[in-house]
Amino acid sequence: MASPLQHMVAFVPQHCGVNTGAAAARRCATASAWSRTVAATGAAPPGRGVPRAPRSGSGRLGATAVGAGAAAATALGRIGTSRRPASSVVSGVAAAQTSTIELDDEQLLAELAESARALGVLQQAWNALPAGNGGRNPDLLPRLLASETKIRESMKACSVGDPSETTTIPRHQCRDPVAVAHGEVTRAHIEADLAKAQWEIRSAQAEGAGSWVSAMINSAVLRMRLFDIDGAYEELQQIATAGGGSTDPRFGLLTRYCAQLKAPRHADFLTGEDLTESHARSLMRHIRSVLLENKYQTDMIVTATKAGSMSDFIFVESRADQLEMGLLDNIEESNPMKPETNKPDVPSNLVDIIRIFLLHRVLPLARLGELFGAECVKFLLKLQAISAIDGDACRLVPVPEAVLAVEADNVGYGAFFVMANMTIWPCEEDLLLATDFEQTFSSEGLEPVMYLSEDSLALVCGAPREKASSVLDICCGSGVQGIVALRHYADRATFIDLNPRAIRFTSFNLALNGMSERVDGLHLGNLYTTLQGTPKFDAIVANPPFVPNPQGIASGAGAMFGNGGDFGEDVFAGIVRGTSRLLGPGGRLSVVAMTPNVEDLPGRLKSWYCEEADEGANFQALIFRGLPTPAQQYLPTSSSVETYRYQAAMQRMGVRTLSEVVTVLTVHGPGSSAGPNVGLAGNPRANLWSDHSFLRLVVQRSLFTMINAPVETAQPKTGQQPGDSASSSSSSSGMTNGIRESVAATSDASLTQVNRSKVVAADVPPKQVPVEQPATQRAAKADDRSREGSLPGFQVGFFPAYCQEPLAGWEATAEELEQIQHRSPVLQR
């Protein structure tokens with residue numbers, strides 16, 4: 001009889017909501033990799049599965065990719081990769097968004113509890129079933145399969161979606177009883193299937209049949225759905241030891257993927273070497289020099305791989321093949337029969353550096369030695385920044401064994417291969433930032449560190465760069481904001497995060513960029529609790545978790561770096577409350593967030609600040625915001641039940657819209673009597689976070705505007721609609737000429753290597769300014785399917801150090817800002 005596990009479905013969520021916003025994708029990256037791998041490796045029946053793509057690249061270890069199966073899984077199951085609004089929610093149940101409010105929770109909970117109980121009984125039956133066809137009771141197996149079919153049919157009738165179609169078990173803290181019960185059924189279903197797979201393994205091995213290999217691979221996939229990486233890895237190594245797996249196309253992908261997931265979770269990750277020791281600092285300088293000498297910078301990487309932007313490297317599992325093809329195309333020898341023009345001069349070493357640190361490919365360990373030298377290779381191995389792997393089975397080589405191989409064989413390095421346990425991103429002109437790959441998931445004792453995404457880069461571009469003696473980076477993650485501050489305007493920096501892994505990455509990145517000696521502290525703690533008694537700072541930069549997660553329902557917001565609390569502003573509010581204690585006169589706070597009901601944010605921000613400030617709170621804040629996204633289209637969810645319950649909870653809280661926001665707050669001196677003033681700056685701006693020229697020329701200069709302009713309170717006009725520029729309780733109107741001055745008087749810090757005399761103010765007629773957009777930007781506008789693939793900040797020419805003179809687009813921006821000033825009642829006062 002054919003094995004029932006040959007019909008295992010690669011369960012891709014059929015009821016996933018569509019998340020609008022790369023912000024949510026940036027915060028919702030924990031479970032998505034599982035969908036891709038399970039879809040690419042599970043055996044799928046006709047009509048329900050996901051096709052698998054053949055291998056590509058040279059050799060099993062060279063360029064194995066998820067392929068078409070992952071692409072299909074990504075389209076159906078990824079959490080929040082599209083910035084386009086969702087027109088509907090894919091569902092096999094009744095479509096009304098408000099239907100969750102009307103569901104009979106008590107009856108539903110009873111049904112889910114019964115399904116979980118029945119699946120538990122089924123699991124026990126599979127565990128107790130003798131190997132073979134049921135032993136002395138040949139009717140036992142048919143009855144068991146019939147019972148399984150009946151349970152599956154009952155789950156399909158679940159009013160909030162079939163629990164078996166959820167790809168992985170929920171791992172986030174959830175307080176919604178229906179979502180919790182639904183997740184328990186998903187767990188019971190996968191565990192029952194795992195028990196059946198184990199029975200198939202026992203039966204095949206007892207009969208001496210080779211089908212046990214396929215059954216064990218199925219078991220490994222199920223363990224991955226349970227987040228049991230160690231168990232899946234051990235089963236795959238068992239197959240390799242027995243010499244099996246070579247004929248199953250899933251084996252190579254799973255072994256590499258399990259190794260990539262397991263290695264970064266080592267307890268000694270980034271702790272095996274003292275980064276403050278002189279020899280370690282010398283090695284870090286050498287690593288940095290090798291990267292930069294081979295043009296490991298944003299413009300060259302984007303050009304070399306033919307990427308739309310660096311954001312293509314975030315969800316690299318489904319895009320690596322295309323990026324690698326572009327890379328190889330740019331370095332192959334020119335065909336004399338097909339002369340090409342403007343082909344980039346890509347250093348040959350850059351190819352392999354990109355492949356290992358951005359595309360997450362595998363290289364020969366000896367090749368890494370050629371690039372960085374044996375001492376650096378041993379150093380990175382001891383740090384667990386890279387891992388040596390052995391053979392097609394991708395056995396993780398213990399660090400002492402790998403180091404010994406490098407020392408004993410200075411040519412072949414033991415014939416081991418190597419993979420990176422972290423990605424390294426270029427930032428600004430010459431900064432390098434290491435952080436986790438997107439596929440690293442949350443688990444007990446490990447929280448991943450956020451990669452660089454739209455909101456991170458928006459704060460990099462928008463935070464004011466006036467001189468500061470000391471800066472505090474709150475929720476520092478990889479340390480990117482504080483490191484950029486040290487690069488451009490700050491003398492010293494302090495970093496704080498609640499995640500121990502973030503402190504490790506920040507320490508590594510400071511050493512990599514030669515800034516360790518300019519740090520006053522690396523603090524592990526909750527916001528300001530560990531900073532009691534410290535001197536006040538000149539500037540604070542913060543990129544806090546901001547995804548609304550009522551009752552912890554959304555699995556896509558489960559990671560520490562994403563979960564902003566029920567309303568999404570728990571951390572944001574805490575930061576603002578502590579500002580008066582930690583900022584001195586003239587100090588400023590710069591925050592990036594996705595905020596609900598932005599028209600009410602000025603009032604909320606004012607109340608947060610005044611909660612802990614002394615009487616007569618004296619500060620001013622400008623809120624720059626993007627176009628609002630309807631709350632119904634913001635879905636950081638991964639199953640139908642999460643989508644329904646999340647939308648119902650958002651409605652109950654009164655969340656109508658969510659908007660991209662960059663806020664700049666400055667504390668006035670004791671001689672000022674302006675009082676608290678908070679305002680919405682201008683009208684909502686489309687694609688705020690990806691409009692890097694606006695962020696650099698206007699938002700970054702907003703501090704100059706606030707300091708040099710008078711402040712007065714603006715009242716909303718009669719009949720003004722919520723969301724209009726003046727519809728806040730108090731507004732800053734001292735930007736009458738400030739926006740034009742921001743463009744014309746851009747500081748040297750933001751116009752490095754640019755002839756400031758050529759910067760044109762907003763009075764230049766648009767006809768005199770031909771606007772020539774970069775080719776990558778034109779292509780992105782022509783194909784606007786995904787905004788995350790067209791971040792202007794990553795394109796050549798947007799960072800001033802890459803320019804010999806100002807871009808023509810600056811004049812167009814100035815013209816638009818002039819129009820904003822005339823339209824805004826606040827700015828005209």
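## Details of the overall build of the protein
- The helix and strand tally for the protein stands at 30 helices and 15 strands.
- Taken over 829 residues, the protein has a buried fraction of 60%.
- Accessible surface for the protein amounts to roughly 30800 Å². Of this, 52% is attributable to carbon and sulfur atoms.

## Quick word on the sheet that holds strand E1 (residues 363-364)
- Taking strand neighbours across the sheet as the criterion, the four strands line up as E1-E4-E2-E3 in an open arrangement whose pairing is antiparallel. Of all the strands in the sheet, the pair left with one neighbour each is E1 and strand E3 (395-396).
- Summarising the sheet, E1 and strand E4 (residues 417-420) pair through two bridges and their orientation is antiparallel. Considered in E4, the bridge of Pro-364 is made with Phe-417.
- Sheet strands in contact with helix H14 (residues 348-357) are E1 and E4, and its direction is about 65 degrees off that of E4.

## As for helix H23 (residues 601-612)
- Where H23 is concerned, the buried positions are Leu-601, Pro-602, Arg-604, Leu-605, Trp-608 and Tyr-609. The buried residues of H23 occupy an angular sector of 165 degrees when the element is viewed end-on, so they sit on one face.
- For H23, the elements touching its buried residues are helix H21 (570-577), helix H22 (579-582), strand E11 (583-596), strand E12 (619-625), strand E14 (657-667) and strand E15 (677-680).

## Description of the packing of helix H11 (residues 278-293) against helix H20 (residues 500-512)
- Between H11 and H20, the least distance of the axes is 8 Å, while the angle of their chain directions is 75 degrees. Considering the angle they form, H11 stands roughly perpendicular to H20. Residue-level contacts link Met-284, Ile-287 and Arg-288 of H11 to Phe-508, Ala-511 and Leu-512 of H20.
- Split by residue class, the contact of H11 with H20 holds five nonpolar, no polar and one charged.

## Description of the packing of aromatic side chains
- Under the counting rule described, the total for this entry stands at nine aromatic pairs.
- It is Arg-265 that lies over the ring of Phe-441; its NZ or CZ is 3.8 Å from the centre.
- A cation sits over an aromatic face here: Arg-685 above Phe-694, 4.0 Å from the ring centre.

## Observations regarding the pairing of strand E8 (residues 490-497)
- Burial within E8 is extensive, with six of its eight residues counted as buried.
- Strand direction decides the pairing type here: strand E7 (residues 468-474) and E8, joined by six bridges, are parallel. What sits directly across from Val-471, in E8, is Ala-493.
- Taking the sense of rotation as the criterion, the β-α-β connection linking E7, helix H19 (residues 480-488) and E8 turns out right-handed.
- Following the chain from E8 across H20 to the adjacent parallel strand E9 (residues 519-524), one finds a crossover that is right-handed.

## Considering the pattern of salt bridges
- Enumeration according to the criterion identifies 40 salt bridges in this entry.
- Note that Arg-492 is salt-bridged to Asp-520, the shortest N-O span being 2.5 Å. A residue pair is termed long-range when its members are at least 10 positions apart, and Arg-492 in strand E8 and Asp-520 in strand E9 qualify at 28 residues.
- On the basis of relative accessible area, Asp-520 is assigned to the partly exposed category, the value being 46%.
- Salt bridges here are not isolated pairs; linked through shared partners, they connect Asp-321, Glu-324, Asp-352, Arg-355, Arg-361, Arg-367 and Glu-370.

## Re the confidence of the model for the protein
- Of the residues in the protein, 70% have a pLDDT of 70 or more, and the chain-wide mean is 77.
- Note that residues 42-102 has pLDDT below 50 and, in this model, 156 contacts with residues that lie over four places away or in other chains.

## Quick word on unusual backbone geometry
- Phi is positive for Lys-295, which is not a glycine, with a value near 60 degrees.
- Structurally, the position occupied by Lys-295 is in the loop between H11 and helix H12 (298-305).
- In the Ramachandran plot, Lys-306 falls in the positive-phi region, its phi being about 60 degrees despite a non-glycine side chain.
- By the element assignment, Lys-306 lies in the loop between H12 and helix H13 (320-331).

## Some details on the state of the cysteines
- According to the stated counting rule, one finds zero disulfides in the structure shown.
- With no disulfide of its own, Cys-475 has Cys-476 as its nearest cysteine by sulfur position, at a separation of 8.1 Å.
- Accessibility expressed as a relative area gives 22% for Cys-475, which makes it partly exposed.

## Some remarks on the packing of H13 against H14
- Where H13 contacts H14, the axes come no closer than 10 Å and their chain directions differ by 175 degrees. With respect to their mutual orientation, H13 and H14 come out roughly antiparallel. Contact with H13, carried on its side by Glu-324, Leu-327, Leu-328 and Ile-331, involves Val-351, Ile-354 and Arg-355 of H14 and no other residues of that element.
- Class assignment for the residues of the contact of H13 with H14 results in five nonpolar, no polar and two charged.

## Section: the pairing of E9
- The pairing of E8 with E9 spans five bridges and is parallel. Looking across to E9, one finds that Thr-494 is bridged to Gly-521.

## Some points on the nonpolar core
- Counting residues in each nonpolar core, the largest one holds 161 residues, and the members touching the most others are Tyr-296 and Phe-313.
- Top contributing element to this core by residue count: H20, with seven residues.
- When sequence neighbours within four positions are dropped, the list of residues in contact with Phe-313 reads Ile-301, Thr-305, Ala-307, Leu-323, Ile-354, Leu-358, Leu-359 and Trp-425.
- In terms of nonpolar packing, the next biggest core, distinct from the first, is built from 35 residues, Ile-217, Leu-226, Ile-229 and Cys-394 among them.

## A few points about the environment of His-360
- Relative to the assigned elements, His-360 resides in the loop between H14 and E1.
- Judged by its relative accessible area of 3%, His-360 is buried.
- Separated by 47 residues in the primary sequence, His-360 and Phe-313 have C-alpha atoms spaced 9.6 Å apart.
- Those residues in contact with His-360 that sit more than four places away from it in its chain are Arg-256, Gln-260, Glu-317, Arg-355, Ala-420, Phe-437 and Gln-439.

About the cut-offs
Residues take numbers from 1 onward in each chain, read along the sequence in its written order. Confidence filtering applies because this is a predicted model: local features only for residues at pLDDT of at least 70, side-chain atom pairs given and counted only at 80 or more, and all residues used for totals across whole chains, interfaces and linings. To obtain the side-chain values, all non-hydrogen atoms of the structure were included, while hydrogens and water were left out. To qualify as a helix, a DSSP run of H or I must reach at least 4 residues; to qualify as a strand, a run of E must reach at least 2; elements of each kind are numbered from the N terminus. When accessible area is computed with a 1.4 Å probe and restricted to protein chains, residues below 20% of their type maximum are described as buried, those above 50% as exposed, and intermediate ones as partly exposed. Exposure was quantified through the Shrake-Rupley algorithm and a 1.4 Å probe, taking into account, for residues, occlusion by the shown protein chains and nothing else. Strand pairing is defined by DSSP finding a minimum of two bridges between the two strands. Note on contacts: a residue pair is in contact if any heavy atoms of the two residues lie within 4.5 Å. Axis definition: a line fit to C-alpha positions, over the contact stretch in the case of helices; interaxial angles, taken between N-to-C directions, run 0 to 180 degrees. By definition, the arc is the one covered by directions from the helix axis to the C-beta atoms. For this classification, under 35 degrees means roughly parallel, over 145 means roughly antiparallel, 65 to 115 means roughly perpendicular, and everything else is oblique. Classification convention: Asp, Glu, Lys, Arg as charged; Ala, Val, Leu, Ile, Met, Phe, Trp, Tyr, Cys, Pro as nonpolar; all other residues, Gly among them, as polar. Only rings of Phe, Tyr and Trp enter the pairing, Trp through its six-membered ring, and a pair is recorded when the two centres are within 6.5 Å. The plane angle decides the type: under 30 degrees is stacked, over 60 is edge-to-face, the rest tilted. The rule is short: NZ of Lys or CZ of Arg within 6 Å of the ring centre and within 35 degrees of the ring normal puts a charge over the ring. Here, the term right-handed applies to a crossover whose path from the first strand over the helix to the second runs clockwise when the strands point away from the viewer. Salt bridges are counted wherever a side-chain nitrogen of Lys or Arg sits within 4 Å of a carboxyl oxygen of Asp or Glu. Every residue gets a pLDDT, meaning the predictor's confidence in that residue, from 0 to 100. Criterion for a disulfide: a pair of cysteine sulfur atoms within 2.5 Å. Within this scheme, the nonpolar core is defined by two criteria: the residues are buried Ala, Val, Leu, Ile, Met, Phe, Trp, Tyr or Cys, and they are joined through side-chain atoms within 4.5 Å.

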